[in-house]
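Here's the letter readout for the chains.
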Amino acid sequence: MTRTVVISGGGSGIGLAAARCFAAGGDRLVLVGRRSGVLERAAAELPGALPVPADLTTPDGARTVAETVAGTFGAVDVLVHGAGGNGGLEPAPGALDASDPLRVAEHRWTLNFRLNALTAVLLTEALRDRLASPGGRVLFVSSIAAYRGSGSGAYAASKAALHPYAFELARALGPRGVTVNVVAPGYVEDTGFFGAGLPAERREHLVAETLNGRPGTPGDVAETLHWLASHAAGHVTGQVVQVNGGAQLGR
Ligand SMILES: NC(=O)c1ccc[n+]([C@@H]2O[C@H](COP(=O)([O-])OP(=O)(O)OC[C@H]3O[C@@H](n4cnc5c(N)ncnc54)[C@H](OP(=O)(O)O)[C@@H]3O)[C@@H](O)[C@H]2O)c1
């Protein structure tokens with residue numbers, strides 16, 4: 001059966017790797033992100049993929065996706081929330097007074113909650129009534145940071161916020177035959193997350209924290225998402241699956 005799979009952040013990194021997995025399984029894709037050029041490039045390599053440019057930090061952005069999905073496919077079988085980031089690549093507001101630590105904290109925390117929590121909440125709420133029942137799947141991408149912190153705390157907290165939301169959603173949607181799960185990656189290379197990349201020393205440190213001595217790949221996370229969306233994982237719900245080479249245990 002061909003499923004309709006909506007992937008936020010589907011134009012790059014982990015979201016694009018997930019899109020490739022689902023496309024290889026014969027599913028049809030809706031790719032969501034803000035940069036239309038990025039989405040169109042991704043859609044060009046995935047037969048039948050529909051790019052939908054939208055800023056998911058806004059109700060209008062989420063509504064655009066829901067209306068497009070409703071008008072084109074009707075229902076959503078799988079919803080993958082790949083959109084997010086630590087805010088480091090977002091433009092700083094011109095009016096931000098960088099010498100004021102409270103303004104800086106306000107900016108970082110608001111930005112991270114918008115990028116990581118609100119994007120996922122608004123898109124879920126916009127599509128919630130359209131999730132295939134039974135059989136629908138909702139998948140969040142959290143982070144090892146939700147367990148271990150992330151420096152400022154803001155990114156980590158915004159990812160941790162997804163967990164209780166996912167648990168409550170799993171309870172609410174379980175009777176409809178919809179499962180809801182979270183994947184928590186560790187350090188993953190070859191995505192847009194770190195911009196130009198990490199200093200060699202920081203990279204070495206992150207790799208050394210894994211028990212298998214290697215960085216994660218977008219494919220590691222994508223394959224886990226693909227499995228959680230499969231029929232085989234139908235009795236798995238309300239879980240956080242760690243995909244970080246055991247780095248959450250620490251050495
Ligand atoms: N890479 C890692 O080491 C790592 C580790 C743990 C968790 N994660 C998480 O994995 C997810 C995917 O990140 P990635 O590593 O694959 O980096 P990425 O390549 O930068 O992917 C992030 C995607 O989110 C989209 N996005 C960001 N803000 C958005 C918004 N407001 N509305 C719609 N789309 C938005 C971006 O597209 P536009 O900019 O075009 O909107 C981009 O395609 C993120 O949630 C990230 O926090 C990453």
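In case you missed it, the structure is sitting above this.
Procedures and definitions
Residues numbered from 1 in each chain as written. Predicted model: local features only at pLDDT ≥ 70, side-chain atom pairs only at ≥ 80, totals over all residues. Heavy atoms only, no water. Salt bridge = Lys/Arg side-chain N within 4 Å of Asp/Glu carboxyl O. Helix = DSSP H or I, 4+ residues; strand = E, 2+ residues; numbered from the N terminus. Buried < 20%, exposed > 50% of the residue type's maximum accessible area, 1.4 Å probe, protein only. Pairing = 2+ DSSP bridges. Axes fitted to C-alpha atoms, helices over the stretch in contact; angles between N-to-C directions. Contact = heavy atoms within 4.5 Å. Near = heavy atom within 4 Å. Polar contact = N/O pair within 3.5 Å; in protein donor to acceptor, adjacent residues only side chain to side chain. Areas by Shrake-Rupley, 256 points an atom, 1.4 Å probe, with all protein chains shown as cover. Nonpolar A, V, L, I, M, F, W, Y, C, P; charged D, E, K, R; others polar. Phe/Tyr/Trp six-rings, centres within 6.5 Å; stacked < 30°, edge-to-face > 60°.

Draft legend 1. Seen up close, the pattern of salt bridges. In total, this model carries nine salt bridges according to the counting rule given. Among the ionic pairs, R3 bridges to D27, the shortest N-O distance being 3.0 Å. Here R3 is found in the segment before β1 (4-8), whereas its partner D27 is found in the loop between α1 (13-24) and β2 (28-33), with 24 residues between them in sequence. Taken individually, R3 and D27 each receive the classification buried, so the pair is uniform in this respect. Between R203 and E189 there is a salt bridge; the shortest N-O distance is 2.4 Å. Taken as a pair, R203 in helix α8 (residues 200-208) and E189 in the loop between β6 (179-185) and α8 lie far apart in primary sequence, 14 residues in all. Taking relative accessible area as the criterion, R203 reaches 32% and is therefore assigned partly exposed.

Draft legend 2. Spatial organisation of the sheet that holds β2. Taken together, seven strands build an open sheet; the order of strands is β3-β2-β1-β4-β5-β6-β7 and the sheet is parallel. A strand with exactly one partner marks an edge of an open sheet, and here the two such strands are β3 (50-53) and β7 (239-243). Sheet twist, expressed as the mean angle between neighbouring strand axes with direction ignored, is 20°. When β6 meets β7, the two strands line up parallel, connected through five bridges. For A184, the partnering residue across the bridge sits in β7 and is Q242. The sheet strands contacting α1 are β1, β2, β4 (78-81) and β6, and the helix crosses β1 at an angle near 170°. In this fold helix α2 (residues 36-44) packs onto β2 and β3, with an angle of close to 170° to the strand it touches most, β3.

Draft legend 3. Spatial organisation of the site of the ligand. Residues in close proximity to the ligand total 31 residues, the closest being S12, R34, R35, Y155 and K159. One of the side-chain N or O atoms of R35 is found 2.7 Å from an oxygen atom in the ligand. At 2.9 Å from a nitrogen atom of the ligand is found a side-chain nitrogen or oxygen belonging to D55. Protein burial of the ligand: of its 870 Å² of free accessible surface, 95% is covered by the chains. Elements that contribute at least two residues to the shell around the ligand include exactly α1, α4 (101-127) and α6 (154-160). Here the shell around the ligand takes three residues from α4, the largest share from any one element. Of the residues in the shell around the ligand, the class split is twelve nonpolar, 15 polar and four charged.

Draft legend 4. Quick look at the packing of aromatic side chains. Evaluated as defined, the whole model comprises five aromatic pairs. Both rings, one in F193 and one in F194, keep their centres 4.7 Å apart while their planes meet at 75°; by these two values the pair is edge-to-face. Classification of F194 as partly exposed rests on a relative accessible area of 28%. Through a chain of ring-to-ring contacts, the aromatic side chains of Y155, Y187, F193 and F194 assemble into a single cluster.

Everything listed here is a matter of coordinates, which is why it stays silent on function.
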